[in-house]
Amino acid sequence: MAETVWLTGGSSGIGADLCRELLKDGYKVVSFARRPPPFEHDNLNSMIADLPDIEASTAAFTEAANEKPASRVIHNAGATFERPLEEVTPQDLNAVTQLHLGSAIAMVQAALPTMKARHQGRIILMSTRAIVGLEKRTVYSATKAGMVGMGRTWALELAPHGITVNMVAPGPIAETEMFDAAVPPDTELAERIAGRVPVG
């Protein structure tokens, strides 16, 4: 029987590619996002969920736990909220904290009973290299750095139950909706950023 993987942010960019690769590897995938992935597959289920809304995201994960339980979860959804420090608002902080941290907690809490019952689970949190600082990314950097502390804490707490926790911290990924919105392709800025990546 195919394993089920829950994935947030499966509608575009890294998330959509993760969906494709997981499906190719024989997994069943449940994507949680504001819109469905840009393709269909017999083993792909799309749950429309506004992840910055704590009640909506909790309801979606609870429904999935009842209908499509999983012992593997990937929290990939993210938003940058690019603003200089003077323009950062409490609303930005609340929305991004809920998206990056709150919805991760809700997702893992919903999946934990299945993971603990199987004494096996995999949790992957998508962080970013911006945790070391990036201009105009106050709430993005802060909450993604918080994700690392949260993940390390979960790794210690859940290891006795056979559950592992890993954080992945990508750098700039071109041709994704989030990156291209902040750094338009074929611009001097895009070339400068690519030049800082060791493999170009």
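What counts, and where the lines are drawn
Residues numbered from 1 in each chain as written. Predicted model: local features only at pLDDT ≥ 70, side-chain atom pairs only at ≥ 80, totals over all residues. Heavy atoms only, no water. Helix = DSSP H or I, 4+ residues; strand = E, 2+ residues; numbered from the N terminus. Contact = heavy atoms within 4.5 Å. Areas by Shrake-Rupley, 256 points an atom, 1.4 Å probe, with all protein chains shown as cover. Polar contact = N/O pair within 3.5 Å; in protein donor to acceptor, adjacent residues only side chain to side chain. Core = buried A, V, L, I, M, F, W, Y, C linked by side-chain atoms within 4.5 Å. Buried < 20%, exposed > 50% of the residue type's maximum accessible area, 1.4 Å probe, protein only.

(A) How the structure looks around the overall build of the protein. Summing up its helical and strand segments, the protein has six helices and six strands in all. Counted from the first residue to the last, the protein has its helices and strands arranged as β-α-β-β-α-β-α-β-α-β-α-α. In the protein, once contacts between residues fewer than 6 apart in sequence are set aside, the share between residues at least 24 apart is 64%. Surface exposure of the protein reaches about 10700 Å², of which carbon and sulfur atoms provide 54%.

(B) Molecular detail of the environment of Glu 3. Examined against the element boundaries, Glu 3 turns out to sit in the segment before strand E1 (4-8). For Glu 3 and Ala 70, which are 67 residues apart along the polypeptide, the C-alpha to C-alpha distance reads 7.2 Å. Contacts of Glu 3, omitting those with residues within four sequence positions, involve Tyr 27, Lys 28, Ser 71, Arg 72 and Arg 118. Within the structure, Glu 3 has its side chain in polar contact with the side chain of Ser 71 (distance 3.3 Å). Within the structure, the side chain of Glu 3 is placed 3.3 Å from the side chain of Arg 118, a separation counted as a polar contact.

(C) Fine view of the nonpolar core. Of all hydrophobic cores here, the largest spans 31 residues; its most connected members are Trp 6, Phe 32, Phe 61, Val 73, Ile 123, Leu 125 and Trp 154. Of all elements in the fold, only strand E2 (28-33), helix H2 (54-67), helix H3 (90-118), strand E5 (121-126), helix H4 (138-158) and strand E6 (163-168) reach the threshold of two or more residues within this core. It is H3 that provides the largest number of residues to this core, a total of ten residues. When sequence neighbours within four positions are dropped, the list of residues in contact with Leu 125 reads His 75, Ala 104, Met 147, Met 150, Gly 151, Trp 154, Val 165, Asn 166, Met 167 and Val 168.

The values are spatial; any link to function lies outside them.
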